[in-house]
Amino acid sequence: QLIESGGGMVQAGDSLKLTCAASGRTVSDSGMGWFRQAPGKEREFVASISWSSSATLYADSIQGRFTISRDNPKNLVYLQMNNLKPEDTAVYFCAYSHFSDVRRAPYEYRVWGRGTQVTVSS
């Protein structure tokens, strides 16, 4: 089970840090990812991190503003979001992958959290 937290309502330019907590199993051997879905839009890739944190992958739209990280002993994955923009408004989901490296396609992930809402006002 994956549980996201840390979402909220902020203004453009603010920062938020999302946390994904895994319970019931370790995810330290799996790649992890963050995705988001805005109303009326498809779920889109945001960021991915390999099991060892040696590799990360980001969507072009958030490159340089968001940072993904993980703490394997604590079974946690983070998404630090800086300089938020109104277009970042969405429900953010974390997921763990079938694979140990970075992946961007939703079908490459097997377990998903329920999401946390991020709303950015201008």
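Residues numbered from 1 in each chain as written. Predicted model: local features only at pLDDT ≥ 70, side-chain atom pairs only at ≥ 80, totals over all residues. Heavy atoms only, no water.

Undergrad: Would you explain the state of the cysteines in this entry?
TA: Put plainly, a disulfide is one covalent bond tying together the sulfur atoms of two cysteines. Per the stated rule, a full pass over the model turns up one disulfide. With its sulfur 2.0 Å from that of its partner, Cys20 forms a disulfide with Cys94. Judged by the sign of its S-S torsion, about 55°, the bond between Cys20 and Cys94 is right-handed. Of this pair, Cys20 sits in strand β3 (residues 16-22) while Cys94 sits in strand β9 (residues 90-97), and the two are 74 residues apart along the sequence. By relative accessible area, which is 1% here, Cys20 ends up buried. (Disulfide = S-S within 2.5 Å. Helix = DSSP H or I, 4+ residues; strand = E, 2+ residues; numbered from the N terminus. Buried < 20%, exposed > 50% of the residue type's maximum accessible area, 1.4 Å probe, protein only.)

Undergrad: What am I meant to see in the pairing of β9 here?
TA: Within a regular beta strand, the side chains point alternately toward one face of the sheet and then the other, so they alternate between its two faces. Summarising burial for β9: seven of the eight residues are buried, a large majority. Note: strand β4 (residues 32-37) against β9, six bridges, orientation antiparallel. In the sheet register, Met32 faces β9, and the bridge partner there is Tyr96. As paired strands, β9 and strand β11 (residues 116-121) are joined by three bridges and run antiparallel to one another. Within β11, the position partnered with Ala90 by the bridge is Val118. (Pairing = 2+ DSSP bridges.)

Undergrad: Any chance you could explain the pairing of strand β8 (residues 76-81) here in plain terms?
TA: Across the six residues of β8, five count as buried, placing the element largely inside the fold. Two successive antiparallel strands, strand β7 (residues 66-71) and β8, enclose a turn made up of four residues, where Asn75 displays a positive phi of approximately 60°.

Undergrad: Explain the nonpolar core to me, please; I cannot follow it from the model alone.
TA: The nonpolar side chains of soluble globular proteins are, as a tendency, buried together. Ranked by internal contacts, the top residues of the largest apolar core, which has 32 residues, are Trp34, Leu79, Met81 and Tyr92. Within the residue set of this core, elements represented by two or more residues are β3, β4, β5 (44-49), β7, β8, β9 and β11. At five residues, β9 tops the list of elements feeding residues into this core. Setting aside chain neighbours within four positions, we find Tyr92 in contact with Glu4, Leu18, Trp34, Phe35, Arg36, Val46, Phe66, Leu79, Met81, Gly115, Thr116 and Val118. (Core = buried A, V, L, I, M, F, W, Y, C linked by side-chain atoms within 4.5 Å. Contact = heavy atoms within 4.5 Å.)

Undergrad: Would you mind going over the pattern of salt bridges with me for this structure?
TA: Side chains that differ in charge, positive against negative, can pair when their charged atoms come close. Under the criterion given, the structure shown has five salt bridges. Notably, a salt bridge pairs Arg36 with Glu44, separated by 2.6 Å at the nearest N-O pair. With relative accessibility at 5%, the residue Arg36 sits in the buried group. Residue classification places Glu44 among the partly exposed residues on the basis of a relative accessible area of 35%. (Salt bridge = Lys/Arg side-chain N within 4 Å of Asp/Glu carboxyl O.)

Undergrad: Would you mind going over the environment of Tyr92 with me for this structure?
TA: Here Tyr92 lies in strand β9. In this structure Tyr92 comes out as buried when scored by relative accessible area, which is 0%. As for Tyr92 and Gly13, which are separated by 79 residues in sequence, their C-alpha atoms are 18 Å apart. In this structure the side chain of Tyr92 is engaged in a polar contact, spanning 2.9 Å, whose partner is the side chain of Arg36. (Polar contact = N/O pair within 3.5 Å; in protein donor to acceptor, adjacent residues only side chain to side chain.)

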